Amino acid sequence: MKSFLRSCVFLWAMLQWINMQHIVPATVLNGCEGDIVILLDSSGSVANYEFSRLVLFSAELFRPFSLGRGHVRVSLLQVGTSPKLEFGLDAHNKQESLQKAILSVTQIQGDTNTVAALRVVQRLLTETNVPKILLWLTDGVHPGDVDELMSQLKAQGVSIMAVSTVHGNYQVLQRAVTPPLQSHLYSVDIDNINIITQELREAIIKIICAEQLRVVHLTSHSAVLQWSPVLSAGSSFYELWYYSVWGMTRRNLPGDSSFIELTNLQPDTTYTAFLRPQSNQRLFKTLSVNFTTLPDVLSLAVVSVSDSGPHQIRVSWGPLPAAQVQRYTVEYGEIPSGRVQTVMLHGHQSSTLLTGLEPGTQYLVTISALHVNGKERTMSVKACTEDVLPALVDLQLTPVGHQDVQVAWQAHEEGLRGYWLSLERENSNFSTYLPSTSHSTWLTRLAQSSRVCVSPVYSTGRGEGICCTVEKQRDYSQWR
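What comes next concerns the included structure. All figures in this text were calculated on a predicted structure; none of them were measured in a lab.

Calculation notes
- Residues numbered from 1 in each chain as written.
- Predicted model: local features only at pLDDT ≥ 70, side-chain atom pairs only at ≥ 80, totals over all residues.
- Heavy atoms only, no water.
- Salt bridge = Lys/Arg side-chain N within 4 Å of Asp/Glu carboxyl O.
- Helix = DSSP H or I, 4+ residues; strand = E, 2+ residues; numbered from the N terminus.
- Buried < 20%, exposed > 50% of the residue type's maximum accessible area, 1.4 Å probe, protein only.
- Axes fitted to C-alpha atoms, helices over the stretch in contact; angles between N-to-C directions.
- Parallel < 35°, antiparallel > 145°, perpendicular 65-115°, else oblique.
- Left-handed = near helix turned anticlockwise from the far one by under 90°.
- Contact = heavy atoms within 4.5 Å.
- Nonpolar A, V, L, I, M, F, W, Y, C, P; charged D, E, K, R; others polar.
- 1 Å grid on protein atoms, 1.4 Å probe; cavity = no way out; pocket = protein on both sides within 12 Å on 5 of 7 lines; lining within 4 Å.
- Points joined across faces, edges and corners; volume = space filled by probe spheres on them.
- Pairing = 2+ DSSP bridges.
- Disulfide = S-S within 2.5 Å.
- Polar contact = N/O pair within 3.5 Å; in protein donor to acceptor, adjacent residues only side chain to side chain.
- Core = buried A, V, L, I, M, F, W, Y, C linked by side-chain atoms within 4.5 Å.
- Phe/Tyr/Trp six-rings, centres within 6.5 Å; stacked < 30°, edge-to-face > 60°.
- Lys NZ or Arg CZ within 6 Å of the ring centre and 35° of its normal.

What follows deals with the pattern of salt bridges. Following the criterion strictly, the structure yields 10 salt bridges and no others. As a salt-bridge pair, Asp191 and Arg53 come within 4.0 Å of each other at their nearest N and O atoms. You can see Asp191 sitting in the loop between β6 (185–188) and α8 (197–208) and its partner Arg53 sitting in helix α2 (residues 48–61), a full 138 residues away along the chain. By relative accessible area, Asp191 is classed as partly exposed at 39%.

Now the structure itself:
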């Protein structure tokens, strides 16, 4: 019964499309160039009837365009539990095959995994020298966390448009689309979706057909401008100039140019750019665009660890100008699942000493820099505290003659590598390393107040030692 109803719906849609063929003239738009991906919600939340109307709407929307590389390329990607690419951008260069392909699309049902589909869109829209459009057709029910991927597409110069039925999540769609909202976002009753066909098509034409100067990529220090070429190589050329509060720059570009990257721009600065085609054949209008470069948010470049001990670690970071950072947050915890502790620091600080740590333990330390513009950058590092090593058990000085002393000691044998012996005298110091088999040595010509220290040395470091000072009492040496 369900398959019979789907067949009836599809037959009704085909009849509607055939009738419209006689109403709408098939005027081909030849002067357009761009890549368009139709992101069609094919999940189980979309009714069969709604899906068939969206398919019919898509076919009619793109019928006037001339297709193929150098013109308009159209791809259709279905959203379900897993994305399904019905056809890619180079699949159709004639309207007859495109119309047949769109009207042959069947609903895949499943979950609304829009996030996975958007990752496919990112791979499809890779051309840098043509306008790019994502057309999202959806019921707007549970679209998922799409904000980040939509922002990434916008940063790549993709214009995003959306059409949803009246029960869609308007706030999500509003954040997703590129301005202007009045021509890029539509929420309509599915039975009346045909009333927006012409208006949406005109919005698409403005992007891929109109003579305009567009910003297709933007950073804190650069901008890529793009335009539809109207000149040819030879005597014709483009005159470009752009300015900000920092001054004006002028450049002449070859007649076959269609884009230019402006570099060495100032961050967080508004620019106005003009492009004037110069030709002896005809007069062209001057194109212009305004844009603002992104704030110059620096990231932490270096995080280092020093002063490591059994119970402490010093963490340092940089380089970041203090004027750009509001505060630092240092989070640290034992790996793999220790309690996370947090330290808040002022933006002018560049290091902190973490204390109260467990000996011989690995920690994950994360430093987050909150910039004054609200953006945040983080960097993590692993650090280990030192083990608590056994101290020297005993040290004795025994006088042998007038100025000679026998030094004897005891230590824990496990992991022992040797001993570090040092002698501090009034006018000179002396130190030496002794093997682990040594338990005593003889020191000669020791003056009063000479200081002898012995420390055990283990594979992971030096244990705490013992020091004794030589004193003259009753003509023989004593230690203390």
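In a packed pair of helices, the relevant descriptors are the angle between the two axes and the axis-to-axis distance. Direction vectors running N to C along α2 and α8 enclose 50°, while the axes themselves pass 10 Å from each other. It follows from the interaxial angle that α2 and α8 lie oblique. The interaxial crossing formed by α2 with α8 has right-handed handedness. Facing α2, whose interface residues are Phe57, Glu60 and Leu61, α8 presents Thr197, Leu200, Arg201 and Ile204. Here the contact of α2 with α8 is built from residues that sort into four nonpolar, one polar and two charged.

With that settled, consider the layout of surface pockets. Taken as a whole, the largest pocket holds about 710 Å³ of empty space. As for the largest pocket, its lining consists of 27 residues, of which Lys154, Val158, Ser159, Thr178 and Val215 are closest to the centre. When contributions to the lining of the largest pocket are tallied by element, the ones reaching two or more residues are α5 (147–155), β5 (158–165), α7 (181–184), α8, β7 (214–218) and β13 (287–292). At five residues, the largest contribution of residues to the lining of the largest pocket is made by β7.

It is worth spelling out the sheet that holds strand β20 (residues 376–384) at this point. One open sheet holds the four strands; their spatial order is β17-β16-β19-β20, and the pairing between them is antiparallel. Among the strands making up the open sheet, the edge pair consists of β17 (341–346) and β20. Strand-to-strand twist across the sheet, computed as the mean angle between neighbouring axes with direction ignored, equals 20°.

Here we take up the state of the cysteines. This model, assessed by the stated rule, comprises one disulfide. Between the sulfur of Cys453 and that of Cys467 lies a disulfide, 2.0 Å long from S to S. Because the sign of the S-S torsion sets the handedness, a value of about 115° for the bond joining Cys453 and Cys467 places this disulfide among the right-handed ones. With Cys453 in strand β26 (residues 451–458) and Cys467 in strand β28 (residues 466–473), this residue pair connects regions lying 14 residues apart in the sequence. The exposure class assigned to Cys467 is partly exposed, which follows from its relative accessible area of 31%. In this structure Cys468 is not part of a disulfide, and its nearest cysteine sulfur, from Cys467, lies 7.6 Å away.

A separate point is the side chain of Gln107. Note that Gln107 resides in the loop between α3 (95–103) and α4 (114–124). Assessed through its relative accessible area of 13%, Gln107 is described here as buried. A polar atom in the side chain of Gln107 sits 3.0 Å from the backbone oxygen of Ser43. In terms of polar contacts, Gln107 uses its side chain to reach the backbone carbonyl oxygen of Val46, at 2.8 Å.

Let's shift gears to the packing of α2 against α3. At a minimum axis distance of 9 Å, the contact between α2 and α3 shows a crossing angle of 170°. What the angle tells us is that α2 and α3 run roughly antiparallel. Between α2 and α3, the residues in contact are Val55, Leu56, Ser58, Ala59 and Glu60 and Gln99, Ile102 and Leu103, respectively. Residues that form the contact of α2 with α3 fall into these classes: five nonpolar, two polar and one charged.

Buried residues dominate α4, accounting for nine of its 11 residues. Listed as buried for α4 are Thr114, Val115, Ala116, Ala117, Leu118, Val120, Val121, Gln122 and Leu124.

Once that is clear, we can look at the nonpolar core. The biggest cluster of nonpolar side chains holds 39 residues, and the ones touching the most others in it are Phe62, Phe65, Val163, Leu200, Ile204 and Ile208. Elements with a minimum of two residues in this core: β1 (34–41), α2, β2 (72–79), α3, β4 (132–138), β5, β6 and α8. It is α2 that contributes the most residues to this core, six residues altogether. By size, the runner-up hydrophobic cluster in this structure holds 26 residues, among which are Val37, Leu39, Leu124 and Leu125.

To describe a pair of aromatic rings, one takes the distance between the centres and the angle between the planes. Throughout the structure, instances matching the rule amount to nine aromatic pairs. Within the aromatic cluster, the residues linked to one another by ring pairs are Trp241, Tyr243 and Phe274. Its end group placed over the ring of Trp241, Arg250 keeps NZ or CZ at 5.1 Å from the ring centre.

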